[in-house]
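Summary of the model geometry
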Amino acid sequence: MFSLFYGLWNYMFSKTEFHVLILGVDKAGKTTLLEKLKSLFSKLEGLPPDRIVPTVGLNIGRVEASNAKLVFWDLGGQEKYLDMRICKGHHF
């Protein structure tokens, strides 16, 4: 009986989680897009465009829409930081 109610509770109130990878070349606006999405879909105010610095490594942003959770992975596009993307044998 518990599993029936638990399954119903999860169906009614859980949100599906999606992972989105943002890739691009240098200065293409990846981090600006991430900050704009965070400011549109959350109560927090994002960084203004003139305060955004180049990404070293990655930025992760979480956004909750009506019935979904979105996790954005913003990977820096600078060539000199390419070796930072290799983590435990996985290439990003």
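Residues numbered from 1 in each chain as written. Predicted model: local features only at pLDDT ≥ 70, side-chain atom pairs only at ≥ 80, totals over all residues. Heavy atoms only, no water.

**Things to note about helix H1 (residues 2-13)**
Rules: The way it works is that DSSP assigns letters per residue, a run of H or I at least four long becomes a helix, a run of E at least two long becomes a strand, and they are numbered from the N terminus. What a helix is expected to span follows from its residue count: subtract one and scale by 1.5 Å. Each residue gets one of three labels from its accessible area relative to the maximum for its type: buried under 20%, exposed over 50%, partly exposed in between, using a 1.4 Å probe on protein chains only.
In a regular helix each residue adds 1.5 Å, so 12 residues correspond to 16 Å; H1 covers 16 Å between its end C-alpha atoms and thus fits that length. Counting buried residues along H1, only 0 of its 12 residues qualify, which leaves the element largely exposed.

**Considering the UniProt feature "binding site: Mg(2+)" (unreviewed entry) in the protein**
This is how the line gets drawn: UniProt positions are given in the numbering used here, feature names are shortened, and annotations may be inferred rather than shown by experiment. Here, two residues are considered to be in contact whenever any of their heavy atoms come within 4.5 Å of each other. Side-chain atoms alone can form a polar contact between residues adjacent in sequence; in general such a contact is a pair of N or O atoms within 3.5 Å, and within protein one must be able to donate a hydrogen while the other accepts it.
Mapped onto this numbering, the UniProt entry gives "binding site: Mg(2+)" (unreviewed entry) at Thr31 and Thr55. In terms of the greatest pairwise C-alpha distance, the residues named above, spread along 25 residues, form a tight cluster of at most 7.3 Å across. Tracing the sequence through the fold places Thr31 in helix H2 (residues 30-41). Since its relative accessible area comes to 13%, Thr31 is described here as buried. Other than its neighbours up to four places away in sequence, Thr31 contacts Ile52, Thr55, Asn59 and Asp74. Mapped onto the elements of the fold, Thr55 is located in the loop between H2 and strand S2 (58-64). At a separation of 2.6 Å, a polar atom in the side chain of Thr55 contacts the side chain of Thr31.

**Topic: the environment of Leu21**
Along the chain, Leu21 turns up in strand S1 (residues 16-22). Once the C-alpha coordinates of Leu21 and Phe72 are considered, the two residues, 51 residues apart in sequence, prove to be 5.9 Å apart.

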